[in-house]
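In case you want the letters, here they are:
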Amino acid sequence: MTATHPPLTDAATWSVLVRDVATGETVLSRSPELELSAASAPKLLLLVACAVLGERGELSLDERLDRSSVEPVGDSGLWQHLAQSTLAVGDAAMLVGSVSDNLATNALLERIGLDAVERVRAELGIEGVCLHDRVRDHRGPEHPARLGTASATGLADLMVRLAARRLGSAAVSDRVLGWLGHSVDLSMVAAAFAKDPLSHGHGAEHPGIVNKTGTDAGVRVDAGLVLGARRTLAYASLANWAPETDATDAVLTSMREIGAELRRLVEE
């Protein structure tokens, strides 16, 4: 089957790829190799690194992290609003996977180091996805320009490997999928599946959704897996636009149209 090029708003620059996990078939594509600002989506690499280091015995998922070890940071997350000042590494990773928790992200990075994330990425041969920095409330000229960058190919291939249980090992893949399986952000591509964002990570109901998103001014990213009864699709959709333009609604509409096509493909 020839890959189709989905109609997307021209108010943004896009990188899109959808692949069938079992066959490798490309079913949707738009500039898949183009690397764009990806906001929080490359936090996936942090989760992978934590799972790998945990499997190797270099990191205990029961180790307590203290949020006072890092600077306060706002925006996404729950830990900043909780009374509990310490969390186990595994619980912090769950917060990153489910609500893209910025404080938990920085505490995990403080513990293992950005160098370790990059080392694991290189060892596993993950390409087209990069986490450049910790989360910052204010990003100055002395800091990396973006939290993370990615291409649709990079994110979709990562998702394919997770689904096939061959990102590192089956145990590593399952651990990462477990952290991602409760993502509450179903506002983009995943919106087309009409799932309850607070309760969709249990049971065998098809199609299932596992995803990681990224949101920033002029950036929307959704990458994940659609788990159908007869096929599983890995997808990545990235959109960048000038923040001063009013493109958010058009971008979200296009992303939800991609989701509608994915739903049709897994339900036919």
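See the structure above.
Presented here is a report on the structure given in the accompanying data block.

Basis of the calculations
Residues numbered from 1 in each chain as written. Predicted model: local features only at pLDDT ≥ 70, side-chain atom pairs only at ≥ 80, totals over all residues. Heavy atoms only, no water. Pairing = 2+ DSSP bridges. Helix = DSSP H or I, 4+ residues; strand = E, 2+ residues; numbered from the N terminus. Axes fitted to C-alpha atoms, helices over the stretch in contact; angles between N-to-C directions. Contact = heavy atoms within 4.5 Å. Salt bridge = Lys/Arg side-chain N within 4 Å of Asp/Glu carboxyl O. Buried < 20%, exposed > 50% of the residue type's maximum accessible area, 1.4 Å probe, protein only. Polar contact = N/O pair within 3.5 Å; in protein donor to acceptor, adjacent residues only side chain to side chain.

### Examining the sheet that holds strand β8 (residues 208–216)
Within the open sheet, the five strands sit side by side as β2-β1-β10-β9-β8. Their pairing is antiparallel. Of all the strands in the sheet, the pair left with one neighbour each is β2 (26–30) and β8. Taken pair by pair, the neighbouring strands of this sheet meet at an average axis angle of 5 degrees, ignoring direction. Across four bridges, the pairing between strand β1 (residues 13–20) and β2 is antiparallel. Note on β2: the bridge partner recorded for Leu17 is Ser29. Lying on the sheet, helix α5 (residues 152–163) is in contact with β1, β8, β9 (219–227) and β10 (232–240); it crosses β10 at an angle near 155 degrees.

### Re unusual backbone geometry
Even without being glycine, Ser31 reaches a positive phi, approximately 45 degrees. Residue placement: Ser31 occurs in the loop between β2 and β3 (35–37).

### Digging into the pattern of salt bridges
Opposite charge on two side chains lets them pair, provided their charged atoms get close. For the structure on display, the rule yields 14 salt bridges. Of the charged contacts, one joins Glu25 and Arg231 as a salt bridge, the two residues approaching to 3.8 Å between their closest N and O atoms. Residue Glu25 is found in the loop between β1 and β2, and its partner Arg231 is found in the loop between β9 and β10; the two are separated by 206 residues along the sequence. Residue class for Arg231 comes out buried when judged on its relative accessible area of 19%. The shortest N-O distance in the salt bridge between Glu63 and Arg111 comes to 2.7 Å. Of this pair, Glu63 sits in the loop between α1 (43–56) and β4 (64–66) while Arg111 sits in helix α3 (residues 102–112), placing them 48 residues apart in sequence. With relative accessibility at 27%, the residue Glu63 sits in the partly exposed group. Owing to a relative accessible area of 33%, Arg111 belongs among the partly exposed residues under this scheme. Counted as one network, the salt bridges with shared partners bring together Asp20, Glu25 and Arg231.

### Structural notes on the environment of Asn240
Along the polypeptide, Asn240 turns up in strand β10. Put simply, Asn240 and Leu17 are 223 residues apart on the chain and 15 Å apart in space, counted from C-alpha to C-alpha. The residues touching Asn240, leaving out its near neighbours within four places in the chain, are Ala12, Thr13, Leu36, Ser37, Gly218 and Val219. Engagement of the side chain of Asn240 in a polar contact is seen with the backbone nitrogen of Ser37, the distance being 2.9 Å.

### Regarding α3
Most of α3 sits out of view: nine of its eleven residues are buried. Listed in full, the buried residues belonging to α3 are Asn102, Leu103, Ala104, Thr105, Asn106, Ala107, Leu108, Leu109 and Ile112. Buried positions along α3 lie against α1, β4, α2 (89–99), α4 (114–124) and β6 (129–131). Regarding α3, its N-cap is Asp101, as a side-chain oxygen of that residue lies 3.1 Å from the backbone nitrogen of Leu103 further along. Taken from the residues just after α3, Gly113 is the one with a positive phi, measuring 90 degrees.

The values reported here are purely geometric and, on their own, carry no functional implication.
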